[in-house]
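Residues per chain, in single letters:
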Amino acid sequence: VKFAAVVQHAAGASATRFLSIDKCLPQRDFMQLITVDGDGSPPVLRYDAEWIAVLRSTAHLFSNRRGRVPLDPQAVGRASGGRADFGPSEEELSSVLEAAGGDLAVPLDFAVTAPPYQHGDPPAAQP
């Protein structure tokens, strides 16, 4: 399952491109390679304040239990103190910016945390 979306910000401003891809499982298309044009300078990735605010406001709806979690409007309303619209308020957006110190740039300090797969390695054990 793949879903792509582009959110255009204020007129003439930048756009945010989203790509939802499938789970990393056998026989599933879970990766997509893209080429991004640039001017030769290092890329700048930025967190999206609006999306972070939405994630914060819906964190209480997350569950790691097996089985279905009721997400019908009535159940969500009960769990959310009556809130049904999770579009972020200006106060929630300001809170995200404040927590990030005003800078939503993703630091370019990526590091290898596990050995990469090498062709011929045995399959990893599944938990």
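Quick notes on the rules
- Residues numbered from 1 in each chain as written.
- Predicted model: local features only at pLDDT ≥ 70, side-chain atom pairs only at ≥ 80, totals over all residues.
- Heavy atoms only, no water.
- Salt bridge = Lys/Arg side-chain N within 4 Å of Asp/Glu carboxyl O.
- Helix = DSSP H or I, 4+ residues; strand = E, 2+ residues; numbered from the N terminus.
- Buried < 20%, exposed > 50% of the residue type's maximum accessible area, 1.4 Å probe, protein only.
- Contact = heavy atoms within 4.5 Å.
- Polar contact = N/O pair within 3.5 Å; in protein donor to acceptor, adjacent residues only side chain to side chain.
- Axes fitted to C-alpha atoms, helices over the stretch in contact; angles between N-to-C directions.
- Parallel < 35°, antiparallel > 145°, perpendicular 65-115°, else oblique.
- Nonpolar A, V, L, I, M, F, W, Y, C, P; charged D, E, K, R; others polar.
- Core = buried A, V, L, I, M, F, W, Y, C linked by side-chain atoms within 4.5 Å.
- pLDDT = per-residue confidence, 0-100.
- Pairing = 2+ DSSP bridges.

What to know about the pattern of salt bridges
- Across all of its chains, the model carries two salt bridges by this definition.
- For Asp-103, the salt bridge is made with Arg-46, and the minimal N-O distance between the two is 4.0 Å. Here Asp-103 is found in the segment after α3 (90-99), whereas its partner Arg-46 is found in the loop between β2 (15-20) and α1 (49-58), with 57 residues between them in sequence.
- Using a relative accessible area of 45% as the deciding quantity, one classes Asp-103 as partly exposed.

A short note on the environment of His-9
- Here His-9 shows up in the loop between β1 (3-8) and β2.
- What makes His-9 partly exposed here is its relative accessible area of 29%.
- Taking the C-alpha atoms as reference points, His-9 and Arg-68, separated by 59 residues in sequence, lie 35 Å from one another.
- With sequence-adjacent residues up to four places away left out, His-9 is seen in contact with Ser-14, Ala-15, Thr-16 and Asp-48.
- At a separation of 2.5 Å, a polar atom in the side chain of His-9 contacts the side chain of Thr-16.

So, the environment of Pro-26
- Locating Pro-26 in the fold gives a position in the loop between β2 and α1.
- For Pro-26, a relative accessible area of 69% translates into the label exposed.
- In this structure the C-alpha to C-alpha distance between Pro-26 and Ala-10, which are 16 residues apart in sequence, comes to 41 Å.

Overview of the packing of α1 against α3
- Relative to each other, α1 and α3 sit at 105°, their axes nearing to 9 Å. By the angle between their axes, α1 is roughly perpendicular relative to α3. From α1, Ala-49, Glu-50, Ile-52, Ala-53, Arg-56 and Ser-57 reach across to α3, where they touch Glu-92, Leu-93, Ser-95, Val-96 and Ala-99.
- Its residues assigned to classes, the contact of α1 with α3 comprises six nonpolar, two polar and three charged.

A closer look at the nonpolar core
- Judged by nonpolar contacts, Ala-49, Ala-53, Leu-93, Val-96 and Leu-104 together constitute the single largest core of five residues.
- Elements supplying a minimum of two residues to this core: α1 and α3.
- Look past the residues within four positions of Val-96 in its chain and what remains in contact with it is Ala-49, Ile-52, Ala-53, Arg-56 and Leu-104.

Quick notes on the environment of Gly-40
- Tracing the backbone through its elements, the reader meets Gly-40 in the loop between β2 and α1.
- Using a relative accessible area of 76% as the deciding quantity, one classes Gly-40 as exposed.

So, the confidence of the model for the protein
- When pLDDT is averaged across the protein, the result is 84; 96% of the residues are at 70 or more.
- At the level of individual helices and strands, the protein shows its lowest average pLDDT in β2, which scores 80, and its highest in α3, which scores 96.

Thoughts on the pairing of β2
- Alignment of β1 against β2, held across six bridges, turns out to be antiparallel. Bridge pairing in β2 links Phe-3 to Ser-20.
- Following β1, the chain reverses through six residues before pairing antiparallel with β2; Gly-12 in that reversal takes a positive phi of roughly 80°.

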